[in-house]
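Chains, contacts and geometry: an overview
One letter stands for each residue in the lines below.
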Amino acid sequence: MRHLTLPLTLATLLPAAALAQGFTYGERNTDYPPAFPEQTRAPLTDSGIELATETLAGGLVHPWGIANLPDGSWLVTERAGRLRHLGADGTLSEPIEGIPEVLAEKQGGLLDVALAPDFADSRTIYLTYAKPIDGKSATAAARMTLSDDLASVSDVEDIFVQEPPSETPMHYGARVLFLDDGTVAITSGEHFTDDQRLYAQDLDKTYGKVIRVNPDGTVPEGNPFVDQDGAVDTIWSYGHRNIQGAAVADDGTFWTIEHGPAGGDELNRPEAGLNYGWPVISYGKRYDGGVVGSGGAAQEGMEQPVYFWDPVIAPGGMAFHSGETFSDWNGDLLIGSLKPGGVVRLSLEDGLVTEEERLLRDIGRVRDVEIQPDGSFVILTDFENGSVIRVTPAE
């Protein structure tokens, strides 16, 4: 999605509702103008909905991913390397046995969890994790069978392992989800360091990429680099930094959200074979104050984000809302924020962001968001003593 309209200024008038909720965007890290008016700092809004929170479970060590089970319970990962079953009544199981070994260092560990579309029949689940390899690690995705008693997994098989392994336990990406065509999307990061982040532009490496595979890890039809010499044939898009959120909208479009450096978090709609620019272009700057790559935010042949944040929201997982509860938000994105924390709601129209709202700003680091069938949602707080929290309208 490339926009070539003339840059505009960033001046944005805040509506009274946004001022009433006491939130403003704050000072930017860079002065790069957006490529089109709706690309950043959408009008802030306050929907006026009072939220109630209920802690379903606490004492989780940096919970990272959560998935709804058909009976109204959940699977929850802990970065330390544990997969748990959380009952609808709040009962938290002992760690499920058979999980692959993980490298639980810094940002590494057991990460996302997703159910196969035919889970009710197959009992197949998917996990992403930091796979230890000869003293290094790599983003990996594995499929496995969950036992009927929810106590163990079997038939564990990797369907993707990032190449090459990295000595830096940072920026794994690691969301996994099914696309509408039945294929599996897996996101990867570029492991943060100056030398490795360049791999996001290399098609012979799977750093900073969206990966697309069949459920068994084979290469599906339609992948863009299958016939290109030296390119990895599971790559869908490239030039990403650290994609930790991904979701499919009701119309089947696939969206991702990735961490920028100091500024420049990006919402993208990745398309086959396209280059999303990192680390050549960015709407942020280096943590040491230097410019990123070319020193600009746009370059021919590289895609513009649908939306960017400066300063950052440090995005975690995200989901498109649907359901009777909070029905006014149907079709909106709910995004976990690690910094400053809480949940960010985006309204979209014709593929562009039309308004932004900050919710639950006092709750701290939110790693993942999972919409419930009734439209309420649960969130994971990413702390040493993390929690699963249900969010409903206040009575």
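Residues numbered from 1 in each chain as written. Predicted model: local features only at pLDDT ≥ 70, side-chain atom pairs only at ≥ 80, totals over all residues. Heavy atoms only, no water.

**A look at the layout of surface pockets**
Of the pockets and cavities examined, the largest pocket occupies roughly 840 Å³. Along the walls of the largest pocket sit 29 residues, with Asn68, Leu177, Ala319, Glu370 and Ile371 positioned nearest its centre. Only strand E2 (63–68), strand E5 (110–115), strand E9 (173–178), strand E13 (243–248), strand E17 (315–320) and strand E21 (366–371) provide two or more residues apiece to the lining of the largest pocket. Residues of the lining of the largest pocket, tallied by class, amount to 20 nonpolar, four polar and five charged. Within this model, the second largest pocket holds a volume of roughly 610 Å³. (1 Å grid on protein atoms, 1.4 Å probe; cavity = no way out; pocket = protein on both sides within 12 Å on 5 of 7 lines; lining within 4 Å. Points joined across faces, edges and corners; volume = space filled by probe spheres on them. Helix = DSSP H or I, 4+ residues; strand = E, 2+ residues; numbered from the N terminus. Nonpolar A, V, L, I, M, F, W, Y, C, P; charged D, E, K, R; others polar.)

**Things to note about the pairing of E17**
In terms of residue burial, E17 counts as a mostly covered element, since six of its six residues are buried. In the sheet, E17 pairs with strand E18 (residues 333–337) via four bridges, with the strands oriented antiparallel. Pairing of Phe320 across the sheet is with Leu333, part of E18. (Buried < 20%, exposed > 50% of the residue type's maximum accessible area, 1.4 Å probe, protein only. Pairing = 2+ DSSP bridges.)

**Points about the confidence of the model for the protein**
For the protein, the mean per-residue pLDDT works out to 95, and 95% of the residues sit at or above 70. With pLDDT under 50 throughout, residues 1–20 is counted as low confidence; its partners more than four residues away or in other chains account for 37 contacts. (pLDDT = per-residue confidence, 0-100. Contact = heavy atoms within 4.5 Å.)

**Observations concerning the pairing of E9**
Within E9, six of the six residues are buried, which leaves the element mostly enclosed by the surrounding structure. Going residue by residue along E9, you find Gly173, Arg175 and Leu177 tucked away on one face and Ala174, Val176 and Phe178 tucked away on the opposite face as well. Pairing between E9 and strand E10 (residues 184–188): four bridges, direction antiparallel. Paired with Val176 across the strands is Ile186, a residue of E10.

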